[in-house]
Amino acid sequence: MRCFAVGHIRLIEGAEGLMGNAKQAPMRRKPWPPDAVLDKPTPLQDARLFRNSVISPLRYPGAKRQLVPVIESLINANVPPPRLLLEPFCGGATTTLRLLGSGAVEHGILADVDPLIAAFWRTAAFDSKWLIDAMHEETISVARWDWWRAANPRGRRERALKCLFLNRTTFSGILHGRAGPIGGRAQKSDYKIDCRFGLEGLTRRIKGVADLASTGRLLDVWEADWRTALGNLSSKFKMLDPGEIVVYLDPPYVDKAQWLYEWSFDSTEHTDLAAWLASDTRYAWLLSYDDNQSIRGLYKNRPAESVLHVSHTYTAAGSVTRTVRDELLVTNLTVIPPSKRYRLLKTDEAG
Ligand SMILES: C[S@@+](CC[C@H](N)C(=O)[O-])C[C@H]1O[C@@H](n2cnc3c(N)ncnc32)[C@H](O)[C@@H]1O
């Protein structure tokens, strides 16, 4: 096992405090080179954070929090633990953060085509002190919300701050132009624009991301289309056996994506992704979708893959009733252990 060469990295003032007086690992200021994937991560400063169910600083429409235990058990049954997990549609990145935090995977890379999202993760991972300080300086108001909505920042730091501000102050965390501020423009609701901008919790979670980066778990963040991200796996990680790599894909919704994300998918993109995954089968992959007839149609009669129907109940924020959510998990993993959490669909099952 090689040790990380971290001696030259400056310890950033004010970054301490994750674990009381625990010795602070030097803050990582830049992404790790690809061959760091061969090293074992060093211990986390605050492993407790990753036992919470909410660990992402971003609220994300379609976040797959309930699927994570299923994904973890499938990975465990097949490739324990993979050296590298890539999440090419990372959004709020809950899956990668949890799997890195629990040690179910050793290293991770986040990727998203949205420049705001990519800038946010890169800054939280490798420039967290700046982000935390800048977040504390923000005034949370409708006027500031209008300012950020109109702003078109070119720099990584400002994009990261725009992403965080709008994600935490816009209805449902939606970054897209059509959603308004939490509490409405008149702020007459009980829930005001700052109700999701708790500085203490956000600081803790951003430091958690930085901890994953400092300890060599979160290696890099790419601003990339999914094709580029998957292509990078082959070109940058030649030192790994494909059996040591897992990809988790959570593409935009089929129906409502144009309302939720700056970058949505048309039906050709869903078909292209299905074709790519049928041909590029060297590494293990898992793909999640809300259950949908057209997606079932795309992945039926593909004997090298399994389609799992996962059903879970959840209570939406502000509601007292429980809602059932049906999802599909498609994978080329070969061992599918029996579980009460999912039902394996027959290969020709479309409905
Ligand atoms: C369903 S969300 C992912 C949610 C995420 N799994 C979570 O738990 O928060 C889909 C993400 O895909 C991104 N995206 C859309 N088109 C993309 C593309 N062509 N390549 C890469 N990412 C894309 C969107 O910006 C969005 O962040």
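The model shown is predicted, which means the values in this text are computed figures rather than measured ones.

A.B. asks: In this structure, what is going on with the overall build of the protein? I would like to understand it.
C.D. replies: Of regular secondary structure, the protein possesses 11 helices and 8 strands. By residue count, 38% of the 351 residues in the protein fall in the buried class.

A.B. asks: I would appreciate a short explanation of the site of the ligand in the present structure.
C.D. replies: Surrounding the ligand, one finds 21 residues, the nearest of these being Y60, F89, G91, G92 and D250. Of the residues belonging to the shell around the ligand, the class tally is 12 nonpolar, 4 polar and 5 charged.

A.B. asks: I would appreciate a short explanation of the packing of helix α5 (residues 142–150) against helix α6 (residues 156–169) in the present structure.
C.D. replies: When two helices pack together, their arrangement is captured by the angle between the axes and the distance separating the axes. It is the contact of α5 with α6, at a shortest axis distance of 10 Å, that shows an interaxial angle of 130°. When the interaxial angle is binned, α5 and α6 end up oblique. In this structure, α5 meets α6 at a crossing whose hand is left-handed. Here α5 contributes W145, W148 and R149 to the contact with α6, which in turn contributes K162, F165, L166 and T169. Per-class residue counts for the contact of α5 with α6 are 4 nonpolar, 1 polar and 2 charged.

A.B. asks: When you look at helix α1 (residues 68–78) in this model, what are you seeing that I'm missing?
C.D. replies: An α-helix turns once per 3.6 residues; consequently, residues spaced three or four apart project the same way. Inspection of α1 places V68, V70, I71, L74 and I75 among the buried residues, and these make up the whole buried set. Down the axis of α1, the smallest arc covering the buried residues is 160°, so these residues share one side.

A.B. asks: Please explain the pairing of strand β1 (residues 84–87) as it appears in this structure.
C.D. replies: For a regular strand, the rule is simple: side chains alternate between the two faces of the sheet. Residues of β1 alternate between two faces, with L84 and L86 on one and L85 and E87 on the opposite face, all of them buried. Here 4 bridges tie β1 to strand β2 (residues 107–112), and the two strands are oriented parallel to one another. Of the residues in β2, the one forming a bridge with L84 is H107. One crossover worth recording links β1 to the parallel β2 by way of helix α2 (residues 94–102), and it is right-handed. In this structure, β1 lies alongside strand β4 (residues 245–249), joined through 3 bridges in parallel fashion. Note on β4: the bridge partner recorded for L84 is I245.

A.B. asks: Even after reading the chapter, I still don't get the nonpolar core, so can you show me in this structure?
C.D. replies: Soluble globular proteins tend to bury their nonpolar side chains together. Counting 79 residues, the largest nonpolar core has F120, W121 and V246 as the members making the most contacts within it. For this core, the element with the highest residue contribution is helix α3 (residues 115–126), accounting for 9 residues. When near neighbours in sequence (up to four residues on either side) are disregarded, F120 contacts L58, A160, C163 and L164.

A.B. asks: Help me understand the confidence of the model for the protein, please; the structure alone is not making it clear to me.
C.D. replies: Segments scoring low in pLDDT should not have their predicted coordinates read at a detailed level. The predicted model of the protein has a mean per-residue pLDDT of 87, with 86% of residues at 70 or higher. Counting interchain partners and residues more than four positions distant, the pLDDT-below-50 stretch residues 1–21 has 27 contacts.

A.B. asks: I keep staring at the environment of A36 and nothing clicks. Help me out?
C.D. replies: Within the element layout of this structure, A36 appears in the segment before α1. When the 16 C-beta atoms within 10 Å are taken as the criterion, A36 is described as partly exposed. Separated by 183 residues in the primary sequence, A36 and L219 place their C-alpha atoms 7.7 Å from one another. The residues touching A36, leaving out its near neighbours within four places in the chain, are G216 and L219.

A.B. asks: Explanation requested: the pairing of strand β5 (residues 284–290) in the structure shown.
C.D. replies: In terms of burial, β5 is largely enclosed, as 6 of its 7 residues are buried. In terms of strand pairing, β4 meets β5 through 4 bridges, oriented parallel. Residue pairing for β5: V246 is matched across the bridge by A284. As defined by bridge partners, β5 adjoins strand β7 (residues 322–331) across 5 bridges and the pair is classed as antiparallel. When the sheet's bridge partners are listed, S288 is paired in β7 with L329.

Calculation notes
All residue numbers refer to positions counted from 1 along the written sequence of the respective chain. Local features are withheld for residues below a pLDDT of 70 in this predicted model, meaning they are given only at 70 or higher, and side-chain atom pairs are given and counted only at 80 or more; totals for whole chains, interfaces and linings count all residues. Strands are runs of DSSP state E lasting at least two residues, helices are runs of H or I lasting at least four, and both sets are numbered from the N terminus onward. Here a residue counts as buried when 20 or more other C-beta atoms sit within 10 Å of its C-beta, as exposed when there are 12 or fewer, and as partly exposed otherwise, the C-beta atoms being derived from the backbone. As a rule, any residue with its backbone-derived C-beta atom within 6 Å of a molecule or strand is reported as near that molecule or strand. Side-chain classes follow a simple rule in which Ala, Val, Leu, Ile, Met, Phe, Trp, Tyr, Cys and Pro form the nonpolar group, Asp, Glu, Lys and Arg form the charged group, and the remainder, Gly included, forms the polar group. Each axis is a line fitted through C-alpha atoms, and for a helix only the stretch in contact is used; angles between axes span 0 to 180 degrees, taken between their N-to-C directions. Any angle that falls under 35 degrees is termed roughly parallel, while one over 145 is termed roughly antiparallel, one within 65 to 115 roughly perpendicular, and all others oblique. We call a crossing left-handed when the near helix sits turned anticlockwise from the far one by less than a right angle, and right-handed when that turn is clockwise. In this description, any two residues whose backbone-derived C-beta atoms lie within 7 Å of each other are considered to be in contact. Taken from the helix axis, the directions to the C-beta atoms give the arc we talk about. Two strands are said to pair when DSSP picks up at least two bridges between them. The handedness of a crossover follows from its direction of travel: if, with the strands pointing away from the viewer, the path from the first strand over the helix to the second runs clockwise, the crossover is right-handed. To define a nonpolar core, we join buried Ala, Val, Leu, Ile, Met, Phe, Trp, Tyr and Cys residues through C-beta atoms within 7 Å and take the resulting set. pLDDT is defined as a per-residue confidence score from the predictor, taking values between 0 and 100.

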